[in-house]
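What follows is the residue order along each chain.
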Amino acid sequence: VEENNEKAKGPVTGSVPKGKEPEWDDNIGYFIKKRLRVWCRLPNGQWGIGKIQSNSGDEATVSLSSGTVIKVSTEELIPANPDVLEGVDDLIQLSYLNEPSVLHNVKHRYAQDLIYSKAGPVLIAVNPFKDIPIYGNETLTSYKQNAKDSPHVYAIADAAYNEMMRDEKNQSIIISGESGAGKTETAKYAMQYLAALGCGNDGMEYEILQTNCILEAFGNAKTSRNDNSSRFGKLIEIHFTASGKIRGAKIQTFLLEKSRVVQLANGERSYHIFYQLCAGAPSTLRDRLNLKMASEYKYLNQSECLVIDGVDDGMKFHKLVEALDTVQIHKEDQEQAFAMLAAVLWLGNISFQVIDNENHVEALADEAFNSAARLLNCSAQDLMLALSSHKIQAGKDSIAKKLTMQQAIDRRDALSKFIYADLFEWLVVQINKSFEVGELMITGRSISILDIYGFESFKNNSFEQFCINYANERLQQHFNRHLFKLEQQEYEEDGIDWTKVDFEDNQECLNLFEKKPLGLLSLLDEESNFPNATDLTFANKLKQYLNGNPCFKGERGRAFGVCHYAGEVVYDTNGFLEKNRDPMHSDFIQLLSSCGCQLLKLASPSSQFGGSESSMQSVGTKFKSQLFKLMHQLEKTTPHFIRCIKPNAKQLPGQYEDDLVSKQLRCCGVLEVVRISRSGYPTRMTHQEFAGRYGFLLPETNVSQDPLSLSVAVLKNFNVLPEMYQVGYTKVYLRMGQIGTLEEQRKQF
Ligand code: ATP
Ligand code: MG
């Protein structure tokens, strides 16, 4: 009510001596003296909360909430938050923003099915691994009508939509997190909300939602971490009209995992579509494609995992066909696509026999071979040649060189991967065609949702992790820069004198990847072009040129390490060169362009069949330019960040593993947000809130004043040191720990 009044009065600032930061952590002495609650590391590595009973010198006796009493070094005690802050919506409200407090707060909420929390501008979403009734029409409507404002993906989508309409500025929702954390589900809820807000008369919003079903069928698979794991990154731009109705969409995909088509780890599956097709195809289609059960195909049966608990692949196939119809993919094209899938499956069953005493092989002309040739619509002879020989250009002529067993198998698999990747690309092109509405990006009325793999650090990290982590490094920089901008903006807008705090940038790590000619990607390309190079010579080259770089760590043998923002990762260069080259045999291009399959030719005529520049590019370089394009696009948007957290590795409800969660909070930058806020004034309350909560502590004479003056009076009355607070136009800003002191006074009252 008095907001304008306050503004007129101008800010009152408690001065902070520039360049001299008060020491926040010091007040543990106060905690000990006052016997307040503290966190301490237990012998099992977990955090325990308790009260200090006594202390002597460097050691304190702490009585834990569990009843046990332990002795710990006072250095290891960490302040816990007062009760009043238990389970707050936004972590920034905590007076002590340390790791155990953040962890505890998120856990406390999770136990009550409050899976969403905020960390300043970032939404944290903890995967419940069970259905909770917070996504229906009712909830949706209450967010739409602003009747609800607790943290939710709907609230983020709502904010993005409103800001877009208000500022005519493109928005983005950037979702990250590790495999199984809930990114794709979260993205779908965001889309659902936007579809509800922007629904018009043409049913476009329904079509857009249906793309999820299609892309998941072709791009998701069961892995050991997630029964429905996305094996590609995705950006969907949704465009709106001036009146806020959906008018179109565009999908971009990144780095599909091709190897899954031919090779599976035990217990994992290939792409859902293969099993759906085998289980759900109607009998006429089965006959035309000579389709068998999934168990009869080597590409599918190798991992001894053909079904997913609770999933009916046959039914999913029907849903898929419905979705394909909805996005207007013609029946003939659908059938072509299914034929390509069947061709891939039959290719996997092709075997080879030795034909001479030099161990050269030839494909067996059996059912698998003939089915593949027929489905690809090419002659048996052409397929035989493509699978059993390798053409070498010698001047104007080409010589066919025979292959050995392993070479032939690799070649067959390369062909399968190539067909599948092309099919996937074709599908995306078709979907986009059905949504295309002229020049889209210039509207200023779009919301892009990015669902992309989070940072990965495994026991064994290969080229895939290398690319994924590089992408995350770029996204992290985007995140940091945005966060700082916001933080600074808030202080400045509220008239606060903020001594700008330097922040750690990850530019150095990005340079390690991107610098020319001496960066990881350049050196990889250079080595990929040497015919005699091996993974070991590559590793040695890195060590030779990059050893001085602080983000680079030379490791033994073929390995090297990179210090990422989320921690150090050791990469094994095994397979790097081959994966980076991703040889697109010219023989395949010839084979497929001679075959009668229109679909593969339609996919990307210039890049695949014309031998243009991009088909000559290495995978790393192509990915880098895709990433640059993405970043460029995102930079033109107002970002909204969602960090998904996987609370346990078993995909089970109700289980929250502290270590796993804190690792992710660190990796996805949530603790970084917390760290940033820590360097400023973590507690912020409007004058109304502050005066309302503490004003009554003042002697009666003060009560008639306006909230701002009351706030100042409270601060003075309780001797809060001037360097511990600032008073802005609308809010009181308090340094770490101050709110606890005031709460104590309040309790004693
Ligand atoms: P990946 O990187 O492997 O693609 P992801 O982060 O996209 O993983 P999801 O596929 O979205 O993970 O989620 C994994 C599973 O977790 C879902 O299939 C679903 O069972 C469950 N899940 C995720 N979010 C929710 C939610 N909000 N409510 C209920 N269940 C959820
Ligand atoms: Mg996913």
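Reading guide: rules and limits
- Residues numbered from 1 in each chain as written.
- Chains lettered and ligands numbered in written order.
- Predicted model: local features only at pLDDT ≥ 70, side-chain atom pairs only at ≥ 80, totals over all residues.
- Heavy atoms only, no water.
- Pairing = 2+ DSSP bridges.
- Helix = DSSP H or I, 4+ residues; strand = E, 2+ residues; numbered from the N terminus.
- Contact = heavy atoms within 4.5 Å.
- Axes fitted to C-alpha atoms, helices over the stretch in contact; angles between N-to-C directions.
- Parallel < 35°, antiparallel > 145°, perpendicular 65-115°, else oblique.
- Left-handed = near helix turned anticlockwise from the far one by under 90°.
- Nonpolar A, V, L, I, M, F, W, Y, C, P; charged D, E, K, R; others polar.
- pLDDT = per-residue confidence, 0-100.
- Donors = N, O, S within 2.8 Å, 3.2 Å for Na, K, Ca; no water.
- Buried < 20%, exposed > 50% of the residue type's maximum accessible area, 1.4 Å probe, protein only.
- Patch = residues over 30% accessible without salt bridge, like charges linked within 9 Å, V, L, I, M, F, W, Y side chains within 5 Å.
- Areas by Shrake-Rupley, 256 points an atom, 1.4 Å probe, with all protein chains shown as cover.
- Salt bridge = Lys/Arg side-chain N within 4 Å of Asp/Glu carboxyl O.
- Lys, Arg positive; Asp, Glu negative; His and termini not counted.
- Charge placed at Lys NZ, Arg CZ, Asp CG, Glu CD.
- Near = heavy atom within 4 Å.
- Polar contact = N/O pair within 3.5 Å; in protein donor to acceptor, adjacent residues only side chain to side chain.
- 1 Å grid on protein atoms, 1.4 Å probe; cavity = no way out; pocket = protein on both sides within 12 Å on 5 of 7 lines; lining within 4 Å.
- Points joined across faces, edges and corners; volume = space filled by probe spheres on them.

A.B. asks: Would you take a moment to explain the sheet that holds strand S3 (residues 59-64) for this structure?
C.D. replies: Two strands in a sheet stick together by hydrogen bonds in their backbones, pointing the same way (parallel) or opposite ways (antiparallel). With antiparallel pairing, 5 strands are arranged side by side in an open sheet as S4-S3-S2-S1-S5. Here the strands that pair on one side only, and so sit at the sheet edges, are strand S4 (69-73) and strand S5 (78-79). Pairing analysis gives 6 bridges linking strand S2 (residues 47-56) to S3, with the strands arranged antiparallel. In the sheet register, Asn55 faces S3, and the bridge partner there is Ala60.

A.B. asks: Looking at this structure, how should I read the environment of Leu194?
C.D. replies: Here Leu194 lies in helix H6 (residues 183-197). Taking the C-alpha atoms as reference, Leu194 lies 34 Å from Val261; in sequence the two are 67 residues apart. With sequence-adjacent residues up to four places away left out, Leu194 is seen in contact with Ala157, Tyr161, Ile238, Phe240, Ile246, Ile447 and Ile449.

A.B. asks: I keep staring at the packing of helix H3 (residues 99-110) against helix H26 (residues 658-667) and nothing clicks. Help me out?
C.D. replies: Packed helices, taken two at a time, are described by their axes: the angle between them and the distance between them. The N-to-C vectors of H3 and H26 enclose an angle of 110°; their axes lie 10 Å apart at closest approach. The angle between H3 and H26 falls in the class roughly perpendicular. When the axes of H3 and H26 are compared, the crossing they make is right-handed. Of the residues in H26, those touching H3 at Glu99, Val102, Leu103 and Lys107 are Asp658, Val661, Ser662, Leu665 and Arg666. The residue inventory of the contact of H3 with H26, partitioned by class, reads 4 nonpolar, 1 polar and 4 charged.

A.B. asks: Quick question: what am I supposed to make of the confidence of the model for the protein here?
C.D. replies: Residues shown with low pLDDT carry predicted positions that ought not to be read at fine detail. Taken over all residues, the pLDDT of the protein has a mean of 87, while the share at 70 or more is 90%. Across residues 1-26 the pLDDT falls below 50, and counting only partners more than four positions away or on other chains, this stretch makes 48 contacts in the model. Within the model, pLDDT remains below 50 along residues 602-614, and this stretch shows 27 contacts once partners closer than five positions in the same chain are excluded. This complex was scored by the predictor with a pTM of 0.87 and an ipTM of 1.00.

A.B. asks: Honestly, the coordination of the magnesium ion (ligand 2) in this entry has me stumped. Any pointers?
C.D. replies: Four donors placed tetrahedrally about a metal ideally form angles of 109.5 degrees, and six donors placed octahedrally ideally form angles of 90 or 180 degrees. Donor atoms from the polypeptide that coordinate the magnesium ion (ligand 2) comprise Thr184 (OG1) and Ser230 (OG), at 2.0 to 2.1 Å from the metal. You can see Thr184 sitting in helix H6 and its partner Ser230 sitting in strand S10 (residues 229-230), a full 46 residues away along the chain. On the accessibility criterion, Ser230 (19% relative accessible area) is buried.

A.B. asks: Just to check I follow, could you spell out the sheet that holds strand S19 (residues 559-564) for this structure?
C.D. replies: With antiparallel pairing, 3 strands are arranged side by side in an open sheet as S18-S19-S20. The sheet terminates laterally at strand S18 (552-554) and strand S20 (567-572), the two strands that pair on one side only. Neighbour-to-neighbour, the strand axes of this sheet turn through a mean angle of 25°, independent of strand direction. Alignment of S18 against S19, held across 3 bridges, turns out to be antiparallel. Each bridged residue has a counterpart across the sheet, and for Lys553 the counterpart in S19 is Gly561. The strands touched by helix H16 (residues 463-493) are S19 and S20; relative to S20, the strand with the most contacts, the crossing angle is about 150°. Its contacts with the sheet place helix H19 (residues 535-546) against S18 and S19, and it is angled at close to 125° to S18.

A.B. asks: I tried to follow a negative patch on the surface on my own but got confused; where do I start?
C.D. replies: Taken together, the side chains of Asp58, Glu59, Glu75 and Glu76 make up a negatively charged region of the molecular surface. Examined against the element boundaries, Glu59 turns out to sit in strand S3.

A.B. asks: Honestly, the site of ligand 1 in this entry has me stumped. Any pointers?
C.D. replies: Neighbouring ligand 1 are 18 residues, the closest being Ser179, Gly180, Lys183, Ser229 and Ser230. Gly180 places a polar main-chain atom, nitrogen or oxygen, 2.8 Å from an oxygen atom of ligand 1. At 2.8 Å, a backbone N or O of Ser230 approaches an oxygen atom of ligand 1. When ligand 1 sits alone it has 630 Å² of accessible area, and the protein chains cover 87% of it. Among the elements that make up the shell around ligand 1, the one with the highest residue count is H6 (4 residues). In terms of residue class, the shell around ligand 1 is built from 5 nonpolar, 9 polar and 4 charged.

A.B. asks: Looking at this structure, I do not really get empty space enclosed by the protein. What am I missing?
C.D. replies: Empty space left among the atoms is revealed by rolling a probe the size of a water molecule over them. Tallied over the entire structure, the rule returns 2 cavities of 30 Å³ or more. What lines the largest cavity is simply Arg37, Trp39, Ile49, Ala80, Asn81, Leu85, Glu86, Gly87, Leu94, Ser101, His104 and Asn105. A breakdown of the residues in the lining of the largest cavity according to their chemical character gives 5 nonpolar, 5 polar and 2 charged. Empty space within the second largest cavity amounts to approximately 60 Å³.

A.B. asks: When you look at the pairing of S3 in this model, what are you seeing that I'm missing?
C.D. replies: If a strand is regular, its side chains alternate between the two faces of the sheet. Hairpin connection of S2 to S3: 2 residues between the antiparallel strands, including Gly57 at a positive phi of 60°. Taken together, the 5 bridges between S3 and S4 define a ladder with antiparallel strand orientation. Bridging from a neighbouring strand, Ser63 pairs with Val69 of S4. Between S3 and S4, which pair antiparallel one after the other, the connecting turn spans 4 residues, and Gly67 there sits at a positive phi close to 110°.

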